[in-house]
Amino acid sequence: MRIINLKDCYLYTPVIRKIDGEISKTWEYKTHLRVNIQQDINELDRSIAGIIEYEKLKLRFDKEIPIEKNDGISLYEMKIKNNFSIEVPKYIVTSKIRVGRCITCICEVNQNR
């Protein structure tokens, strides 16, 4: 990957806690990444109604990064208190695909705000 194409993004891991019978989801800060972020639009990205979904991002990198499915991705640094984010990340990792040396992570907009 060319360094000029790399963008900063911040990785968060969901932590589910049960406090007094109520389940809450918080986001723990994991790491800062520099990855190639692209928005590839093709026929496969159409929804059932035939509308192109612009809410998908594809992160590409060629080294092993500790990113897993259901992790949160933010394109800006969020406020952190005690290693937990106060805000909710905008994107959620839905899949991680490896083809040769390149790893592609597909992210969608977080609907659980």
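Relevant structure appears above.
Residues numbered from 1 in each chain as written. Predicted model: local features only at pLDDT ≥ 70, side-chain atom pairs only at ≥ 80, totals over all residues. Heavy atoms only, no water.

Novice: What exactly am I supposed to notice about the pattern of salt bridges here?
Specialist: Opposite charge on two side chains permits pairing when their charged atoms draw close. One pass over the structure, following the stated rule, counts six salt bridges. As a salt-bridge pair, E108 and K56 come within 3.8 Å of each other at their nearest N and O atoms. Of this pair, E108 sits in strand β8 (residues 102–109) while K56 sits in the loop between β2 (22–38) and β3 (57–61); the two residues are 52 residues apart in sequence, bridging distant segments of the chain. Within the structure, one salt-bridge network assembled from shared partners comprises E64, K96 and R98. (Salt bridge = Lys/Arg side-chain N within 4 Å of Asp/Glu carboxyl O. Helix = DSSP H or I, 4+ residues; strand = E, 2+ residues; numbered from the N terminus.)

Novice: Explain the packing of aromatic side chains here, please?
Specialist: The geometry of an aromatic ring pair is captured by two quantities: the separation of the ring centres and the angle between the planes. According to the stated counting rule, one finds one aromatic pair in the structure shown. A cation over an aromatic ring shows up here: R17 above the ring of F84, its NZ or CZ 4.5 Å from the ring centre. (Phe/Tyr/Trp six-rings, centres within 6.5 Å; stacked < 30°, edge-to-face > 60°. Lys NZ or Arg CZ within 6 Å of the ring centre and 35° of its normal.)

Novice: Quick question: what am I supposed to make of the environment of R101 here?
Specialist: With respect to the element layout, R101 can be found in the loop between β7 (91–99) and β8. With relative accessibility at 61%, the residue R101 sits in the exposed group. Sequence-wise, R101 and F61 are 40 residues apart; in three dimensions their C-alpha atoms are separated by 8.5 Å. In this structure, R101 is in contact with F61 and D62, ignoring residues within four places of it in sequence. A distance of 3.3 Å separates a polar atom in the side chain of R101 from a polar atom in the side chain of D62. (Buried < 20%, exposed > 50% of the residue type's maximum accessible area, 1.4 Å probe, protein only. Contact = heavy atoms within 4.5 Å. Polar contact = N/O pair within 3.5 Å; in protein donor to acceptor, adjacent residues only side chain to side chain.)

Novice: Quick question: what am I supposed to make of the pairing of β7 here?
Specialist: Residues in a regular strand project their side chains so that they alternate between the two faces of the sheet. Of the strand pairs in this sheet, strand β4 (residues 72–74) and β7 are connected by two bridges, and their pairing is antiparallel. By the bridge assignment, G72 is partnered in β7 with I92. Sheet topology places β7 next to β8; eight bridges connect them, and they run antiparallel. Among the inter-strand pairings, I97 is bridged to a residue of β8, identified as T104. (Pairing = 2+ DSSP bridges.)

Novice: It is not clear to me how the pairing of β8 should be interpreted in this structure. Could you clarify?
Specialist: For β8, the buried fraction is high: six of the eight residues fall into the buried class. Where β3 meets β8, five bridges bridge the pair, whose relative direction is antiparallel. Each bridged residue has a counterpart across the sheet, and for L57 the counterpart in β8 is C107. Linkage of β7 to β8, two consecutive antiparallel strands, is achieved through a turn of two residues, within which G100 is found at a positive phi near 65 degrees.

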